[in-house]
Amino acid sequence: MKFGKEFSAQMVPEWQEAYMDYNFLKTLLKEIQIFKLRNKPPVTPSGALKRKLTLYRAFSGLTQRNNHTSSSSEIESQAILVNSVNRDGSQSYETTLLMPSDEAGEYELAYFRKLDDEFNKVDKFYKAKVEEVMKEACMLNTQMDALIAFRIKVDKPLGLSDRSADMTRLASDVAASAAILAASAPSGARSTRNLHDGTRLAPLEILNHVKFNNTLETPRSTIKGLLPVSQETQLKFTRENLRRVEEQLKRAFVEFYQKLRLLKSYSFLNTLAFSKIMKKYDKITSRDASKAYMKMVDHSYLGSSDEVIKVMERVEATFIKHFSNSNRSKGMRILRPKAKRERHRTTFLMGLFSGCTAALVIALILIIHARNIMNKPGRETYMKTMFPLYSLFGFIVLHMLMYAANIYLWRRYRVNYSFIFGFKQGTEMDHRQVLLVSFGIAVLALISVILNLDMEMDPKTNDYKQLTELLPLNLLILLLVLLFLPFNVLYRSARFFLLTCLFHCLAAPLYKVALPDFFLADQLTSQVQAIRNLEFYICYYGWGDYKRRENTCNTSVYNTFYFIVAGIPYWYRLLQCLRRLFEDKDPMHGYNGLKYFMTVVAVSLRTAYILNKGIGWRIIAWIFSVIAAIYGTYWDLVIDWGLLQRNSKNRWLRNKLLIPHKIVYYLAMVLNALLRFAWLQTVLNFNFFSLHRETSIAIVASLEIIRRGIWNFFRLENEHLNNVGKYRAFKSVPLPFNCDEDDDEGEWL
């Protein structure tokens, strides 16, 4: 692999603009090369003379490297001179071309101007990020001091007998944790530390100056925050609190270590890129400029700063000692999780199940055609009873297929979906694994359908009709068991992540709303028909209709819940928007909540029209449905996707696009609007051709799932570009302790 591709592949996606623009610099070098080739003097036709000169030059160059010239002659032979200048209070570097009168001098001047701009950008960015992690290291230093003291209080609540020994051990532990920045802190922090060495708090007195951070992350804490009761932030020295504090700090250290690793990689990659590009320059121009330029790089902050490496060593030592019981291999496994390995078994099983799915679909079509099932008297009853039961699995499989396609495209266009969703490193599912699960569900569902039809048609098994009707229920129960399975099999981390987000949606607005929570709630809004099918499961099997294959789910109670379940996903999104409006005070969340409120009203009116008919219900349902659809389409395109920008350099799109073909964005916008209104037409009881009503409903529900899949890609693309614009590559981890604001911060350094 060429260095340019490897360089791009190893970039931190959110920092792409902060890396050296290697490709553009290569373009400038190609222009120099083209100019030199175009103005190259004629070559002597004598092959022998050319060979002699080539050999002589090769030998001359070798012997010249062994000659020791004076320093003055070295300066005279230099091609460039790099100077350090002070601009706006910050240090930057400028390169002077010592021989600009050459035929390609103008091109080389342009090259070095761009090279200096790129290096100053990289150096400035790296220095700013190092300063950020140093400040965070100071905070972690304080947290570790408090944690060690907290452990002493929990282990020895009275501490009368061994107080002196405990104090000695605590003092050594505090000194060890404080040494994180002892050798690498910025000059300002180091001077402050020295200033307060004489007034540093005694070890156990640290606990008198810290409190628990009060974060509204549970329903109980949220309710307490709304009630006029005092918030208990005082320290309670219990084992449970100690375990919670250790877990929080452990996550904070792991995340902090990942930041340090990314910074180390950033420094190494950019330094290597400057070395590579200067070697290309030397090769094209036949000059020796890389040595002088790389000497400047090595002496710059980017090349000479070792703060990150020192802090990494101290973090490793602290983490291993305090969070892995001095077990280095265990601690390093947590700090440096292994990259996810591609398994051939997954690819094989995915291919096997996809082939089985295709074969079963063909077999089902042949069975229906050969037995002329669609023209038999029981067709109407089957479509009203069994079809809604099995179409539920079709909706699930289709949604998972769209998600697998999204993952593939996100990876192809380097959208950091794992970071955006907050997946634990190494546990995120790739598109092959999602396809494996989706095709596995499809195989089970198709086998169940074929068994149901075969057992019903076979005279030997026709008497066991009650058992055949239980096949879809058994399949649903099996999938729920696999979803809640507590054992470490079948992607447990991904399953539990899904269940956690689902619980947060159901408990809205009692939980703080994160992106995975409202993203999942948006997926549920496209699965309204699947939720209604779940309601039909309860009615069909709960009321005993399956024994007679009759659909008596038309009672007032069922119709009431038919209203309710249709609006549940939108109601959850409305509550999430209100929670974010309450916390962030951003009116955009209120406008977003209004969109979902309008959708709840529209869905309720459409449901009323389906149940009651009548021209009045139809007109009202149309009016509110069209308003809600237009509102939702505008929000999708402008807010969620960031498109339709009037002053953008890409007409009606964003300034930054990941997909190089602009037509894709225009098609996506048109499809989004059309699929929304196709969904409206079907719900308003417009039938397509001679299809059964249940089939029409299933088709348009599938179109809504496809629309949501398209929405997913562009929604996360916009989120990724926002992270890139803010260089946001890390998750903020809440810390357990909060220092008193009245205390002098210097005493904690």
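Starting from 1, residues in each chain are numbered consecutively following that chain's sequence as written. The model is predicted, so local features are restricted to residues of pLDDT at least 70 and side-chain atom pairs to those at 80 or more, both for listing and for counting; the totals for chains, interfaces and linings are taken over all residues. The side-chain numbers reported here are obtained from all heavy atoms of the structure, hydrogens and water having been left aside.

Description of the pairing of strand β2 (residues 90–97)
And then number 1: A pair of strands is considered paired only if DSSP assigns at least 2 bridges between the two. What counts as a helix is a DSSP run of H or I of at least four residues, what counts as a strand is a run of E of at least two, and both are numbered from the N terminus. As judged from the eight bridges shared by strand β1 (residues 80–87) and β2, these two strands associate in the antiparallel manner. For Ile-80, the partnering residue across the bridge sits in β2 and is Leu-97.
And then number 2: Connecting the antiparallel pair β1 and β2 is a turn made up of two residues, with Asp-88 showing a positive phi of about 55°.

Some words on the confidence of the model for the chain
And then number 1: Predicted confidence across the chain gives a mean pLDDT of 82, with 81% of residues reaching 70 or more.
And then number 2: The predictor attaches a confidence to each residue, and that confidence, scored 0 to 100, is pLDDT. In this description, contact between two residues means that some pair of their heavy atoms is separated by no more than 4.5 Å. Within the model, the stretch residues 46–76 combines pLDDT values under 50 with three contacts to residues more than four positions away or in other chains.
And then number 3: In this model, residues 159–164 is a region of pLDDT below 50 whose contacts with residues beyond four sequence positions or in other chains number two contacts.

Digging into the state of the cysteines
And then number 1: Any cysteine sulfur atom paired with another within 2.5 Å is treated as part of a disulfide. Going through the model one piece at a time under the given rule, you end up with one disulfide.
And then number 2: Each disulfide pairs two cysteine sulfurs, and for Cys-539 the partner residue is Cys-553, the sulfurs being separated by 1.9 Å. Across the S-S bond linking Cys-539 and Cys-553, the dihedral sits near -110°, which makes this disulfide left-handed. Taken together, the residues span a long stretch of sequence, with Cys-539 in helix α22 (residues 528–542) and Cys-553 in the loop between α22 and α23 (556–584) at a distance of 14 residues. Comparing Cys-539 with Cys-553 shows no difference in burial state: the two are buried.
And then number 3: In this structure Cys-501 is not part of a disulfide, and its nearest cysteine sulfur, from Cys-505, lies 6.9 Å away.
And then number 4: Working definition: with a 1.4 Å probe on protein chains only, accessible area under 20% of the residue-type maximum means buried, over 50% means exposed, and in between means partly exposed. When its relative accessible area of 7% is taken as the criterion, Cys-501 is described as buried.

Quick word on the packing of aromatic side chains
And then number 1: Two rings belonging to Phe, Tyr or Trp (six-membered ring only in the last case) form a pair when the distance between their centres is within 6.5 Å. Interplanar angles under 30 degrees mark stacking, angles over 60 mark edge-to-face geometry, and anything in between is tilted. Under the definition given, this model contains 42 aromatic pairs.
And then number 2: Where Phe-3 meets Tyr-22, the ring centres are 5.1 Å apart and the plane angle is 75°; that geometry is what we call edge-to-face. Placement of the pair is Phe-3 in helix α1 (residues 3–9) and Tyr-22 in helix α2 (residues 22–38), with a sequence separation of 19 residues.
And then number 3: Taking relative accessible area as the criterion, Phe-3 reaches 14% and is therefore assigned buried.
And then number 4: The buried category is assigned to Tyr-22, whose relative accessible area is 4%.
And then number 5: Seen from their ring centres, Phe-112 and Tyr-281 are 5.0 Å apart, and the 75° between their planes marks the pair as edge-to-face. Residue Phe-112 is located in helix α5 (residues 105–155), and its partner Tyr-281 is located in helix α9 (residues 239–285); the two are separated by 169 residues in the primary sequence.

A word on the nonpolar core
And then number 1: Nonpolar cores are built from buried Ala, Val, Leu, Ile, Met, Phe, Trp, Tyr and Cys residues. Side-chain atoms within 4.5 Å join them into one set. Within the largest apolar cluster, 79 residues are counted, with the highest numbers of intra-cluster contacts made by Trp-15, Tyr-111, Leu-115, Ile-277, Met-278, Tyr-293 and Phe-737.
And then number 2: Of all the elements, α5 adds the most residues to this core, at 20 residues.
And then number 3: Apart from residues lying up to four places away in sequence, Leu-115 is in contact with Leu-25, Phe-274, Ile-277, Met-278 and Tyr-293.
And then number 4: Ranked by size, the runner-up nonpolar core spans 72 residues in total, among them Leu-364, Tyr-390, Val-513 and Ala-698.

Description of a nonpolar patch on the surface
And then number 1: Together, Ile-615, Ile-619, Ile-620, Ile-623, Phe-624 and Ile-627 give the surface a local cluster of nonpolar side chains, amounting to about 530 Å² of exposed area.
And then number 2: Summarising the element assignment, Ile-619 is placed in helix α25 (residues 615–640).
And then number 3: The exposure class assigned to Ile-619 is partly exposed, which follows from its relative accessible area of 45%. Nonpolar side chains (Val, Leu, Ile, Met, Phe, Trp, Tyr) within 5 Å and like charges within 9 Å form the patches, drawn only from residues with over 30% relative accessible area and no salt bridge. Where accessible areas are quoted, they stem from the Shrake-Rupley method and a 1.4 Å probe; at the residue level, only the protein chains shown are allowed to cover. Salt bridge criterion: a side-chain nitrogen from Lys or Arg within 4 Å of a carboxyl oxygen from Asp or Glu.

Here's the deal with the packing of α2 against α9
And then number 1: In this description, a line fitted to the C-alpha atoms serves as the axis of each element, helices being fitted only across the stretch in contact, and the angle between N-to-C directions of two axes falls anywhere from 0 to 180 degrees. Two elements in contact, α2 and α9, have axes whose closest approach is 10 Å; the angle formed by their N-to-C orientations is 5°. The angle between the axes of α2 and α9 places the two elements in the roughly parallel class. Every residue of α9 that contacts α2 at Tyr-22, Leu-25, Lys-26, Leu-29, Ile-32, Gln-33 and Lys-36 is listed here: Ala-273, Lys-276, Ile-277, Lys-280, Tyr-281, Ile-284 and Thr-285. Throughout this description, any angle smaller than 35 degrees is read as roughly parallel, any larger than 145 degrees as roughly antiparallel, any in the 65 to 115 degree range as roughly perpendicular, and the remainder as oblique.

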